[in-house]
Amino acid sequence: MRSIQGTTKLLGVIGAPVEHSLSPAMHNAALAHLGLDYVYVPFPVRPVDLERAIAGFEAVGVVGFSITIPHKQAILPLLSQVWPAAQLVGAANTVWYNDGGWSGTNTDVEGFIAPLKALQRDWSQVVPVVLGNGGAARAVVVGCAELGCPEVCVVGRDRDRLDKFKQSWRDTPLHGLVSVRSWDELSGLVSATDLLVNTTPVGMFPHVSQSPVEESVLEGLKADAIAYDLIYTPRPTLFLKLAQQRGAMIIDGTEMLVQQGAAALQIWLQQPVPVDVMRQALLEKLAA
Ligand code: NAP
């Protein structure tokens, strides 16, 4: 542990609960590697205290912070600048102090697309199928748009929530990109897509024997498709195991977690950050 002194600058994560956050391990490992006089601290903040908490952060000179459940949307009206990624997603996960106010963005978008970009494929003909229509699905939609996909097909189980999801893009540049489908259409969608993304929590520890897509439906997956699960415990999920059995390339949620953190740290420090160190710290924490 580095020594904390009078000059130490503060970074952190706010959430409720925040005790099990993996971010302190990742960020403090990177800060130690860089030899910087910073510390990254988890701050439990109840919804009722959000405004007071960030006023206090300003008062004590916090440089920036991550935001997790349940504050990702609620933080937006408290920011003086909301970057386009956060505007489109409708949520911020990274905030920094700038020009007398707080600015916010959403690095989940960058985190999600990082392992896909690394494949150096042409995405202009790929219509991803996204399972789930919650907060993470929004970052995935924005990420797919950034990759250059011509359409994103979002599959949900509740018609009203799906329609609201579709409506929510109405006044954005992504309006024509998003189509919504119900769960009973999944079979045909799975067999046609080159990129199948799970953004539901189905299959997450401890429910490791569950998959959002039945085995019989996953049997229709193209052998050269990519199956991407945002879940990072277990690694891999049953969904990914079944997709791999079909021959598909699989991507789990760890790289997204690492890359969204690296993108945030780069904003706060304004310098390149050691992504390998962050990944290693995360993998060690997950294995512990
Ligand atoms: P969320 O806002 O609660 O959304 C979850 C979505 O999953 C909702 O659309 C929900 O459907 C759907 N869903 C839940 N149970 C389902 C079931 N049994 N069958 C079908 N659909 C179901 O949660 P979130 O914030 O988007 O997070 C979702 C997952 O992504 C979590 O596992 C989270 O850990 C992961 N995640 C990972 C990263 C990363 O960096 N790797 C980042 C963000 C999130 P309804 O709307 O019908 O309820």
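Small disclaimer: the values here were computed from a predicted structure and weren't measured. (Residues numbered from 1 in each chain as written. Predicted model: local features only at pLDDT ≥ 70, side-chain atom pairs only at ≥ 80, totals over all residues. Heavy atoms only, no water.)

Before going further, it helps to spend a moment on the side chain of E255. Along the polypeptide, E255 turns up in helix α10 (residues 254-269). Of note is the side chain of E255, whose polar atom sits 2.7 Å from the side chain of Q259. Beyond its immediate sequence surroundings of up to four residues, E255 is in contact with G111, P115 and R279. (Helix = DSSP H or I, 4+ residues; strand = E, 2+ residues; numbered from the N terminus. Polar contact = N/O pair within 3.5 Å; in protein donor to acceptor, adjacent residues only side chain to side chain. Contact = heavy atoms within 4.5 Å.)

Attention shifts here to the nonpolar core. Membership of the largest hydrophobic core comes to 35 residues, with the highest contact counts inside it found for F112, L116, V141, V154 and Y228. Every element with two or more residues in this core is listed here: α3 (84-89), α4 (108-117), α5 (135-147), β8 (152-156), α6 (159-167), β9 (178-182), β10 (195-198) and β11 (226-229). Leaving out residues up to four positions away in the same chain, L116 has contacts with W123, L147, L195, I226, Y228 and I251. Counting 22 residues, the second-largest nonpolar core is a separate cluster that includes V18, A30, L257 and M278. (Core = buried A, V, L, I, M, F, W, Y, C linked by side-chain atoms within 4.5 Å. Buried < 20%, exposed > 50% of the residue type's maximum accessible area, 1.4 Å probe, protein only.)

Before going further, it helps to spend a moment on the domain arrangement of the chain. The assigned domain composition of the chain is domain 1 (9-106 + 255-287) and domain 2 (110-251). At the boundary of domain 1 with domain 2, total buried surface from both sides reaches about 1200 Å², with 79% on carbon and sulfur atoms. Looking only at domain 1, the three residues that lose the most surface to domain 2 are L88, V89 and M256, adding up to 51% of its buried area. The interface formed by domain 1 and domain 2 holds 0 salt bridges in total. Those elements that provide at least two residues to the side of domain 1 that touches domain 2 are α3, α10 and α11 (275-287). Sort the elements by how many residues they give to the side of domain 1 that touches domain 2 and α10 lands first, with 6 residues. Tallied by class, residues from the side of domain 1 that touches domain 2 come to 8 nonpolar, 2 polar and 1 charged. (Domains from an automatic or database assignment. Buried area = accessible area lost by both parts, 1.4 Å probe. Salt bridge = Lys/Arg side-chain N within 4 Å of Asp/Glu carboxyl O. Nonpolar A, V, L, I, M, F, W, Y, C, P; charged D, E, K, R; others polar.)

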